[in-house]
Amino acid sequence: MTNKDERPSWPEYFLAITELVGERSTCTRRKVGAILVRDKRIISTGYNGAPKNIKHCLEVGCIREQRNIPSGERHELCRGLHAEQNALIQAALHGVSAKDATVYCTNMPCSICSKMLINAQVEAIYYKDGYPDELASEMLAEAGIPLIHIGKSENQE
């Protein structure tokens with residue numbers, strides 16, 4: 001947005017909400033939020049953190065930090081679920097299909113989340129910050145799901 005009197009675009013609006021959702025994160029490394037939107041209505045939200053009734057990293061520490069695991073590797077070695085996973089799970093728990101939804105994420109989805117979003121048949125993914133996972137980009141492109149970067153860089157798509 002260039003003029004303070006202008007309204008944010010829909011992607012800017014939903015990404016701003018996604019950032020607030022991410023503030024609920026219990027991850028000590030990165031606060032990530034994701035929302036599923038259909039017909040300009042939020043149908044589900046998710047943030048990264050441990051499953052229900054499981055101690056989270058703010059309480060017990062980060063396994064990934066303790067083992068020096070780089071970002072983008074060994075996703076299974078973490079107490080938490082990713083924001084996109086939690087958004088899909090919340091939609092499923094409430095009987096809401098993610099099919100044809102648009103996903104807004106504070107970070108580009110990893111390859112595991114990308115596979116889930118592909119099978120959930122989402123129609124597009126908007127994200128703010130990058131993530132070191134080339135396989136995710138390749139699979140989303142192959143599946144025909146647009147991956148749209150709306151960040152602070154000059155290389156916006």
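Cut-off values and rules
- Residues numbered from 1 in each chain as written.
- Predicted model: local features only at pLDDT ≥ 70, side-chain atom pairs only at ≥ 80, totals over all residues.
- Heavy atoms only, no water.
- Buried < 20%, exposed > 50% of the residue type's maximum accessible area, 1.4 Å probe, protein only.
- Helix = DSSP H or I, 4+ residues; strand = E, 2+ residues; numbered from the N terminus.
- Pairing = 2+ DSSP bridges.
- Right-handed = clockwise from strand over helix to strand, strands pointing away.
- Axes fitted to C-alpha atoms, helices over the stretch in contact; angles between N-to-C directions.
- Parallel < 35°, antiparallel > 145°, perpendicular 65-115°, else oblique.
- Left-handed = near helix turned anticlockwise from the far one by under 90°.
- Contact = heavy atoms within 4.5 Å.
- Nonpolar A, V, L, I, M, F, W, Y, C, P; charged D, E, K, R; others polar.
- Disulfide = S-S within 2.5 Å.
- Polar contact = N/O pair within 3.5 Å; in protein donor to acceptor, adjacent residues only side chain to side chain.
- Core = buried A, V, L, I, M, F, W, Y, C linked by side-chain atoms within 4.5 Å.
- UniProt positions renumbered as here; feature names shortened; annotations may be inferred.

Peer 1: How should I be thinking about the pairing of strand β3 (residues 102-107) in this particular structure?
Peer 2: Each regular strand displays side chains that alternate between the two surfaces of the sheet. Taking burial as the measure, the six residues of β3 include six buried ones, the bulk of the element. As paired elements, strand β1 (residues 33-38) and β3 share four bridges and run antiparallel to each other. When the sheet's bridge partners are listed, I35 is paired in β3 with Y104. Here β3 pairs with strand β4 (residues 124-129) via five bridges, running parallel. Looking at β4, one finds that V103 is bridged to I125. Between β3 and its parallel partner β4, the chain crosses via helix α5 (residues 111-119), and the hand of that crossover is right-handed.

Peer 1: I'm lost on the packing of α5 against helix α6 (residues 134-143) in this one. Help?
Peer 2: Angle between the axes and distance between the axes are the two parameters that describe a pair of packed helices. Relative orientation of the contacting elements α5 and α6 amounts to 15°, with a least axis distance of 8 Å. One way to sum up the angle between α5 and α6 is to call them roughly parallel. When you trace α5 past α6, the crossing you get is right-handed. Touching S111, S114, K115 and I118 of α5 are L135, A136, M139, L140 and A143, all from α6. The residue inventory of the contact of α5 with α6, partitioned by class, reads six nonpolar, two polar and one charged.

Peer 1: Quick question: what am I supposed to make of the state of the cysteines here?
Peer 2: Linking two cysteines covalently via their sulfur atoms produces the bond known as a disulfide. Under the definition given, this model contains zero disulfides. Its sulfur unpaired, C113 is 3.8 Å from the next cysteine sulfur, which belongs to C110.

Peer 1: Help me understand the environment of N86, please; the structure alone is not making it clear to me.
Peer 2: Locating N86 in the fold gives a position in helix α4 (residues 83-93). With relative accessibility at 14%, the residue N86 sits in the buried group. Residues N86 and A34, spaced 52 residues apart in sequence, show a C-alpha to C-alpha distance of 8.3 Å. Once residues lying within four places of it in the same chain are set aside, the contact partners of N86 are T45, G46, Y47, G49 and L81. A polar contact is formed between the side chain of N86 and the backbone oxygen of Y47, at a distance of 2.8 Å.

Peer 1: Can you help me understand the nonpolar core in this one?
Peer 2: General note: in soluble globular proteins, nonpolar side chains tend to be found buried as a group. Core analysis: the largest hydrophobic core is formed by 24 residues, its most contacted members being L36, V103, V122 and I125. Those elements that place two or more of their residues in this core are β1, α4, β3, α5, β4 and α6. Looking at which element gives the most residues to this core, the answer is α4, with four residues. Those residues in contact with V122 that sit more than four places away from it in its chain are A98, D100, A101, V103, L117 and I145.

Peer 1: Even after reading the chapter, I still don't get the UniProt feature "domain: CMP/dCMP-type deaminase" (unreviewed entry) in the chain, so can you show me in this structure?
Peer 2: Using the residue numbers shown here, the UniProt feature "domain: CMP/dCMP-type deaminase" (unreviewed entry) corresponds to residues 9-147. Between the end C-alpha atoms of residues 9-147 there is a gap of 17 Å, over a span that is 37% helix and 19% strand.

Peer 1: What's the story with unusual backbone geometry in this structure? I'm lost.
Peer 2: In this model, N53 sits at a positive phi of 70°, which is unusual for a non-glycine residue. Positionally, N53 belongs in the loop between β2 (41-47) and α2 (57-60). On the accessibility criterion, N53 (74% relative accessible area) is exposed. You will see that Q121, though not glycine, has its phi angle at about 65°, which is positive.

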